[in-house]
Amino acid sequence: MTPTVSASGLSLHFGRTRALDDVSLRLSPGVTGLLGPNGAGKTTLLRVLATAVPADRGAFTVLGHDPATSRGRQEARRRLGYLPQAPGFHPDFSAFEFVDYVAILKELTDRTARHREVRRVLDEVGLGDVRGKRLKKLSGGMRQRVALAAALVGDPEFVVLDEPTVGLDPEQRMRFRELIAHAGEGRTVLLSTHQTEDVAMLCHRVVVLADGTVRFDGTPAELTARAAGRVWSSTERETGAKAGWRTGTGSFRNVGDPPAGAELLAPTLEDGYLLTLDGAGAEVTA
Amino acid sequence: MTATTTAPPSPAVTTHGPRASWTAVFALAAFEGRRLLCRVPVLVAFAVYLVWTVWRTHGAYDGHPALQDVDRATQGPPVLVGLAVLLGVHQAVLRSRRYDTDRHLSVLVVQPWRRTAAHLLSVVPVALLVAVCVGAQFAWQALKPTAVGHGSPAELLVGPLSVLLFGAFGVLLGRLLPVPLAAPLLIVSLLLFSVFASGPPGAAGWSRWLVPSVGENSFATLPSDLIGRPAAWHALYLAGLALSVALAALLFSGGARLWSVRAGAAAAVALTLVGAVGQSRGVPEETAEARVRATVAPEKTQRCVARDATVYCAFPEWEPRTGEWAAVVDDVRSLAGGGAEKRPLTVRQRIEARHGLDGDAALAASPRPGEVTVGTSWGGNRTPEFAVAVAVVLVTGREEAAGAMCDGRIVTVMWTALAGRPDPVTDLRRVRLDDSATGGAVVLSQTETLQMTAAHTEVLRALLDLPRDEAAARVKGNWAELTAPEVTTRRVAQVLGLGAPEGEDECQ
């Protein structure tokens, strides 16, 4: 039973900054969410796993191939789809040309089969009708879908998505969730996001990263359960709460260590995430 | 939290490994090649190139091309396409950096040095298109029945090789200096370099061969074996340089760890040096000797054929043209009288080849009695000029007499030369320096010029206005008097039954 990705002890420093510190994880088919505050090391971890940058220490395999070796890296890349954070575009390319270009760089060399595959992924992300349009004429959401199509072209077994829903309006975000959920069927998808709703709705597993270390690795339900008995309602912000905010009803929702007799509330994934961070940039007040 | 992954078959990937990588490189090269051909600078440059080629093909060489000139004429305009390719390919190399797609593309299978290879290969279709244009341009001239001489494949390669060289420079620049302004600056630098490398006009230094297209100062047409251009060495130099620059681009984009790229780069530099040394050795001694021989004793390398009373002696490559010379000689003879129409003539092709193509030098008139000089160019103005030279020898017996002749005989010479032409007045304009048909003017020739006074022109025009048979009867009937040395123009007019000229009759 080989996991898609198996990493142990990954560490990476940029000068004196510790970006990753002894990160170990195993990824298997389905969508895995990667949560963490800004600067937690999410993008760095994704870039390491996508073979864009090598780790200083540690090892990992992608589908049994070791990216530390040239041959292993090439084999891993053949099975990889990567959507970077805020991806760039070639504005003069049409959607079809851009995905076709990426497909060639993925060594899809049979022209007929490649063009069929490009049409398939563009249809899959709902851009079949605009595939001939220049990228500069497409909306931001459409461009993001082109980038997702580029990540999915060639049917990779391991897909790395770095904050794909940032900057999208709610409707576009919902559309993207559909696409990611669909992409996760039969593949291993690692989804980095700030949106706990994305994780709650899409992921069968979640990893929380803070200060370059893994703070949690489990199911969304397990992360939510961490906040069981630690979320309560009050009429004013409790000083003992790690996070607290006024809700629409006028009462305060507090997360932390409740006082005796507090009115407990049902926890959410976000509550579990905030408690897991425990001070790593998690103070929320309103 | 582990599970076995069941990977679905990838729909379009059929093979992996180095072979697939190179197939991907060629696919990427085709992709980039299509885009390069659609770049505005490349399209504009190609349009200009094609228009120039068509215009040049139709209008050049007066319909009588010498193929050893045609091959060189294909070299300049492709440089324009090459510079446009340099701009286009440089922008293509910078694309991923400019639009921040490097982060994405860097994790794809085709490595950066292979992408560089694809950019280099994307230039090949443009070079092939230029090669087709060069081939068509040359073939169009070569297939003319009036074509003579031999083209050099090495000279024909210069245009396509220039495009490859400039394209390789564009890719290398994109890898070394990834800023958009670098390409225009490189173009300016290359143009400045070509100016300095060419040296002052007339200079024939080795440095002028460092640039792709090397022009000549002379418009003269020489036999192909006397050209003396190191065309093959230069093609080798250009090919080596293009390869060197291309492999340097690969080295700078991650190919340095591959021994094959390093070895290839070393071989390419060696090839460039061999070509550079070979092309800088100047004109071979045997070619220089052959040039002298062809200039001072052309009869040693010519073959002669006799037709009626005329012997035609031509350099081997021009032998097919003797028929056209004979037609002109026969026309002129048919209008002469007094036995001159049967005067033995030798039409000898002569050249001034001692300076090669470094400069144009005038031919001295032949000192041999009955010998008429014909050059290596034909058609256009050259044909009536030759007719005048034939007429001079029929009238005076010697070609060198033309320079000293300033009397009424000029009317007879010019009428005999031009009256058999389809449009005598047009040909009169063509042989005169100022393209006039009235007044005094210098009449051009391969050797000695003639000086026509206004009076000569006036009488000649009046004679040309007569029906040709009637004029011919008057000329032939009075040939002896019309061709007597020192005969005056007024007397010629009187003998021919024409009005006395009113214009001045003094040679300058």
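All values reported here derive from a predicted model rather than from experimental measurement.

Quick notes on the overall build of chain B
Counting its secondary structure elements, chain B contains 19 helices and six strands. Against the compact-globule benchmark of 23 Å for 508 residues, chain B has a radius of gyration of 31 Å, which places it well outside the compact range. Taking the principal axes of the C-alpha coordinates as reference, chain B spans close to 125 × 45 × 40 Å. Counting only residues that meet the buried cut, chain B has 52% of its 508 residues in that class. Within chain B, residue pairs in contact and separated by at least 24 positions form 74% of the contacts whose partners lie at least 6 positions apart. By element, 62% of the accessible surface of chain B is carried by carbon and sulfur atoms, the whole surface being about 21800 Å². If you average the places of the 45 positive and of the 43 negative side-chain charges in chain B, the two averages end up 14 Å apart.

Things to note about the domain arrangement of chain B
Residues and elements named next belong to chain B. In terms of domain boundaries, chain B breaks down into domain 1 (18–194 + 207–282) and domain 2 (292–495). Across the boundary between the two partners, domain 1 contributes 23 residues, which contact 19 residues of domain 2. Here domain 1 meets domain 2 over a buried area of about 1700 Å², counting both sides, of which 55% is carbon and sulfur. The largest share of the area that domain 1 buries against domain 2 comes from His64, Val148 and Leu222, three residues that together contribute 31% of it. Where domain 1 meets domain 2, there are zero salt bridges. On inspection of domain 1 and its partner domain 2, the count reaches seven residue pairs in polar contact (both at pLDDT 80 or more). Looking at the side of domain 1 that touches domain 2, its residues break down into nine nonpolar, nine polar and five charged.

Quick notes on the packing of helix α4 (residues 77–98) of chain B against helix α6 (residues 112–142) of chain B
Residues and elements named next belong to chain B. In the contact formed by α4 and α6, the axes pass within 11 Å of each other and the chain directions differ by 160 degrees. As summarised for this structure, α4 and α6 are arranged roughly antiparallel, according to the angle between their axes. Between α4 and α6 lies a crossing whose hand is right-handed. Across from Pro78, Val81, Val85, Val89, Ala92 and Val93 in α4, the residues of α6 making contact are His119, Ser122, Val123, Val126, Val130 and Val134. Split by residue class, the contact of α4 with α6 holds ten nonpolar, two polar and no charged.

Some words on the pattern of salt bridges
Residues and elements named next belong to chain A. Across all of its chains, the model carries 37 salt bridges over all chains by this definition. Between aspartate 21 and arginine 18 there is a salt bridge; the shortest N-O distance is 3.2 Å. A relative accessible area of 22% means that aspartate 21 is categorised as partly exposed. The class of arginine 18 is partly exposed, set by a relative accessible area of 42%. One salt bridge connects lysine 42 with glutamate 163, and the closest N-O pair in it is separated by 3.9 Å. You can see lysine 42 sitting in helix α1 (residues 42–49) and its partner glutamate 163 sitting in the loop between β6 (158–162) and α6 (170–183), a full 121 residues away along the chain. Across the pair, glutamate 163 and lysine 42 agree in class, each one buried.

Observations regarding the nonpolar core
Counting residues in hydrophobic clusters, the biggest one holds 119 residues, and the most contacted among them are Val146 of chain A together with Val81 of chain B. Setting aside residues no more than four positions away along its own chain, valine 146 of chain A makes contact with Phe89, Ala95, Phe98, Val99, Leu127, Leu135 and Leu138 of chain A. Listed in part, the 69 residues of the second largest apolar core include Ala290, Val390, Leu418 and Val431 of chain B.

What to know about the sheet that holds strand β3 (residues 345–349) of chain B
All names here are of chain B. What the four strands build is an open sheet, ordered β1-β2-β3-β4; its pairing is mixed. Because the sheet does not close on itself, it has two edges, and the strands there are β1 (303–307) and β4 (371–374). Strand-to-strand, the axes of this sheet are offset by a mean angle of 20 degrees, without reference to chain direction. Pairing analysis gives five bridges linking β1 to strand β2 (residues 310–314), with the strands arranged antiparallel. Paired with valine 305 across the strands is tyrosine 312, a residue of β2.

Thoughts on empty space enclosed by the protein
Once rolled over the atoms, a probe with the size of a water molecule shows which space is left empty. Residues and elements named next belong to chain B. For the structure shown, the criterion picks out five cavities of 30 Å³ or more. In terms of residue count, helix α13 (residues 382–396) provides more of the lining of the largest cavity than any other element does, three residues in total. Tallied by class, the residues present in the lining of the largest cavity amount to seven nonpolar, two polar and two charged.

Describing the confidence of the model for chain B
Residue and element names in this part refer to chain B. Per-residue confidence for chain B gives a mean pLDDT of 90, with 95% of residues at or over 70. Looking over chain B, one finds the lowest element-wise mean pLDDT in helix α5 (residues 102–105), namely 82, and the highest in helix α9 (residues 231–251), namely 97. Within the model, the stretch residues 1–14 combines pLDDT values under 50 with 43 contacts to residues more than four positions away or in other chains. Predicted complex, confidence summary: ipTM 0.85, pTM 0.87.

What to know about the interface of chain A and chain B
Each side of the interface is counted separately: chain A has 53 residues, and chain B has 41 residues. Summing both sides of the interface, chain A and chain B together bury roughly 4200 Å²; the carbon and sulfur share of this comes to 61%. Summed over the shared surface of chain A and chain B, the result is one salt bridge. Two residues, glutamate 97 of chain A and arginine 35 of chain B, come together in a salt bridge whose shortest N-O distance is 3.3 Å. Taken together, the connections running from chain A to chain B amount to nine residue pairs in polar contact (both at pLDDT 80 or more). When residues of the side of chain A that touches chain B are traced back to their parent elements, those giving at least two are α2 (70–78), β5 (80–83), α3 (95–105) and α4 (111–124) of chain A.

A short note on the state of the cysteines
Residue and element names in this part refer to chain B. Tallied over the full model, the rule gives one disulfide over all chains. Looking at the unpaired cysteine 133, the closest cysteine sulfur is the one in cysteine 38, lying at 16 Å. Assessed through its relative accessible area of 13%, cysteine 133 is described here as buried.

Details of the environment of phenylalanine 31 of chain B
With respect to the secondary-structure elements, phenylalanine 31 of chain B resides in helix α1 (residues 18–37). Taking the C-alpha atoms as reference points, phenylalanine 31 of chain B and alanine 118 of chain B, 87 residues apart in sequence, are found 9.0 Å from one another. Those residues in contact with phenylalanine 31 of chain B, other than ones at most four positions away along the chain, are Phe93, Glu97, Asp100, Tyr101 and Ile104 of chain A.

Section: unusual backbone geometry
Phi is positive for leucine 63 of chain A, which is not a glycine, with a value near 50 degrees. Mapped onto the secondary structure, leucine 63 of chain A falls in the loop between β4 (57–62) and α2. Judged by its relative accessible area of 18%, leucine 63 of chain A falls in the buried class. Positive phi, close to 50 degrees, is recorded for aspartate 62 of chain B, a residue that is not glycine. When you line up the elements, aspartate 62 of chain B lands in the loop between α2 (40–59) and α3 (67–70). A relative accessible area of 43% means that aspartate 62 of chain B is categorised as partly exposed.

Scoring rules and cut-offs
Residues numbered from 1 in each chain as written. Chains lettered and ligands numbered in written order. Predicted model: local features only at pLDDT ≥ 70, side-chain atom pairs only at ≥ 80, totals over all residues. Heavy atoms only, no water. Helix = DSSP H or I, 4+ residues; strand = E, 2+ residues; numbered from the N terminus. Rg over C-alpha atoms; globule rule 2.2 N^0.38 Å. Buried < 20%, exposed > 50% of the residue type's maximum accessible area, 1.4 Å probe, protein only. Contact = heavy atoms within 4.5 Å. Areas by Shrake-Rupley, 256 points an atom, 1.4 Å probe, with all protein chains shown as cover. Lys, Arg positive; Asp, Glu negative; His and termini not counted. Charge placed at Lys NZ, Arg CZ, Asp CG, Glu CD. Domains from an automatic or database assignment. Buried area = accessible area lost by both parts, 1.4 Å probe. Salt bridge = Lys/Arg side-chain N within 4 Å of Asp/Glu carboxyl O. Polar contact = N/O pair within 3.5 Å; in protein donor to acceptor, adjacent residues only side chain to side chain. Nonpolar A, V, L, I, M, F, W, Y, C, P; charged D, E, K, R; others polar. Axes fitted to C-alpha atoms, helices over the stretch in contact; angles between N-to-C directions. Parallel < 35°, antiparallel > 145°, perpendicular 65-115°, else oblique. Left-handed = near helix turned anticlockwise from the far one by under 90°. Core = buried A, V, L, I, M, F, W, Y, C linked by side-chain atoms within 4.5 Å. Pairing = 2+ DSSP bridges. 1 Å grid on protein atoms, 1.4 Å probe; cavity = no way out; pocket = protein on both sides within 12 Å on 5 of 7 lines; lining within 4 Å. Points joined across faces, edges and corners; volume = space filled by probe spheres on them. pLDDT = per-residue confidence, 0-100. Disulfide = S-S within 2.5 Å.

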